[in-house]
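# Structural features, examined
Here's the letter readout for the chains.
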Amino acid sequence: MTNPVQPQDCEILSVKKESRHEWTFRVATDAKPAHGQFMQLSIPMIGEAPISVSAQGDGWLEFTIRSVGKVTNVIFEKEAGDTLFLRGPYGKGWPVEQFRDKHLVVITGGTGLAPVRSMLNMLAADPGFAKSVHLISGFKNEDGIVFHSELEAWKEKFSTIYALDNDAKEGWRTGLVTTFVKEIPFDSFDGDYAVVVVGPPPMMKFTGLELMNNGVDAEKVWMSFERKMSCAVGKCGHCRIDEVYVCLDGPVFPYTVARDLVD
């Protein structure tokens, strides 16, 4: 029987600097997560951190990491050829099959783009999967933009709105992502749509409210929460909110549940 919490030592294949604070690590592994699931990345004697899978391929996974604490700071010292320990995958991913043959709207803030990146790449490679894909992706400023090449490539595949909160950039809009929700043609979808929202908690809260203000059906909206996950198997209770364990019941939740997940 496989131990669900046993980390495996994996080789780092490459390291790419995405922005000032976010780097992407490609790691050799045979793990096959669903889109939206997460892995636990660890450094012996230092600790571990839950990180969403941002891309995947034959024999490798990518993790786009923001340096925000002890574990991620040490990971940022690693180079190609070094070892990183992984366990997982864990949690519930995006209900991708429910998105088939629907109009899909994806709204992200900052590195909230990472948990949907692998799904967006899948949709770009299989243009017949969804009826249409509308992507609104916002960043605080130009320094925070990640996945530059894919953002450009997705322009050719999807209907895109890229925005900076306050800065101006050629080809980009200025404003919070909530500003552009009204530009999505929900009325033309005949109710045959789904919405994915990922980003910082305040961004998801106000995006959800703006979607409701625009007549979007709450049951067709999905969000991802990565809140205080530790053991990843529902034993430690760190991520518990009332009776919900984010690591087991999420990190992907329907909005009808997510809107009530308040600490």
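Please read all numbers here as calculations on a predicted model, not as lab measurements.

The tally for this structure, following the rule as stated, stands at eleven salt bridges. When the shortest N-O distance is used, the salt bridge between Asp 143 and Arg 20 registers 2.9 Å. In this pair, Asp 143 is assigned in the loop between strand 9 (132–139) and helix 4 (148–157) and Arg 20 in the loop between strand 1 (8–17) and strand 2 (22–28), connecting sequence segments 123 residues apart. For Asp 143, a relative accessible area of 43% gives the class partly exposed. The salt bridge involving Lys 155 is made with Glu 152; its shortest N-O contact spans 3.2 Å. A residue pair is termed a helical-turn pair when its members lie 3 or 4 positions apart in one helix, as Lys 155 and Glu 152 do in helix 4 at three residues.

Of all hydrophobic cores here, the largest spans 31 residues; its most connected members are Trp 94 and Leu 120. Elements that contribute at least two residues to this core include exactly helix 2 (96–99), strand 8 (103–109), helix 3 (114–125), strand 9, helix 4, strand 10 (159–164) and strand 12 (193–198). Take this core: its biggest share by element is six residues, from helix 3. Setting aside residues no more than four positions away along its own chain, Leu 120 makes contact with Val 106, Leu 113, Val 133, Leu 135, Trp 154 and Phe 158. In this structure, Val 105, Phe 189, Met 203 and Met 204 belong to the second largest nonpolar core, which totals 29 residues.

Attention shifts here to the sheet that holds strand 6 (residues 60–66). The seven strands are arranged 4-3-7-1-2-6-5 in an open sheet whose pairing can be described as antiparallel. The strands lining the two open edges of the sheet, one partner per strand, are strand 4 (47–52) and strand 5 (55–57). Sheet twist, expressed as the average angle between the axes of neighbouring strands with direction ignored, equals 35°. The sheet contact formed by strand 2 and strand 6 spans seven bridges and is antiparallel. Bridging across to strand 6, Ala 28 finds its partner in Trp 60.

Let us now look at the UniProt feature "domain: FAD-binding FR-type" (unreviewed entry) in the protein. Feature annotation in UniProt places "domain: FAD-binding FR-type" (unreviewed entry) on residues 5–96, given in this structure's numbering. Annotated as residues 5–96, this span is 8% helix and 51% strand, and its ends, taken at the C-alpha atoms, are 26 Å apart.

As defined by bridge partners, strand 1 adjoins strand 7 (residues 83–90) across four bridges and the pair is classed as antiparallel. Considered in strand 7, the bridge of Asp 9 is made with Phe 85. As paired elements, strand 3 (residues 38–43) and strand 7 share four bridges and run antiparallel to each other. Its bridge partner lying in strand 7, Leu 41 is registered against Leu 86.

We now examine the layout of surface pockets. It is a probe the size of a water molecule, rolled over the atoms, that shows where empty space is left. When its volume is computed, the second largest pocket comes out at roughly 240 Å³. Contributing to the lining of the second largest pocket are 15 residues, with Gln 6, Gln 8, Leu 86, Arg 87 and Gly 88 lying nearest its centre. Looking at the lining of the second largest pocket, the elements with two or more residues in it are strand 1 and strand 7. Of the residues forming the lining of the second largest pocket, the biggest block, five residues, is contributed by strand 7. A class-by-class count of the residues in the lining of the second largest pocket yields seven nonpolar, six polar and two charged.

Rules and cut-offs
- Residues numbered from 1 in each chain as written.
- Predicted model: local features only at pLDDT ≥ 70, side-chain atom pairs only at ≥ 80, totals over all residues.
- Heavy atoms only, no water.
- Salt bridge = Lys/Arg side-chain N within 4 Å of Asp/Glu carboxyl O.
- Helix = DSSP H or I, 4+ residues; strand = E, 2+ residues; numbered from the N terminus.
- Buried < 20%, exposed > 50% of the residue type's maximum accessible area, 1.4 Å probe, protein only.
- Core = buried A, V, L, I, M, F, W, Y, C linked by side-chain atoms within 4.5 Å.
- Contact = heavy atoms within 4.5 Å.
- Pairing = 2+ DSSP bridges.
- Axes fitted to C-alpha atoms, helices over the stretch in contact; angles between N-to-C directions.
- UniProt positions renumbered as here; feature names shortened; annotations may be inferred.
- 1 Å grid on protein atoms, 1.4 Å probe; cavity = no way out; pocket = protein on both sides within 12 Å on 5 of 7 lines; lining within 4 Å.
- Points joined across faces, edges and corners; volume = space filled by probe spheres on them.
- Nonpolar A, V, L, I, M, F, W, Y, C, P; charged D, E, K, R; others polar.

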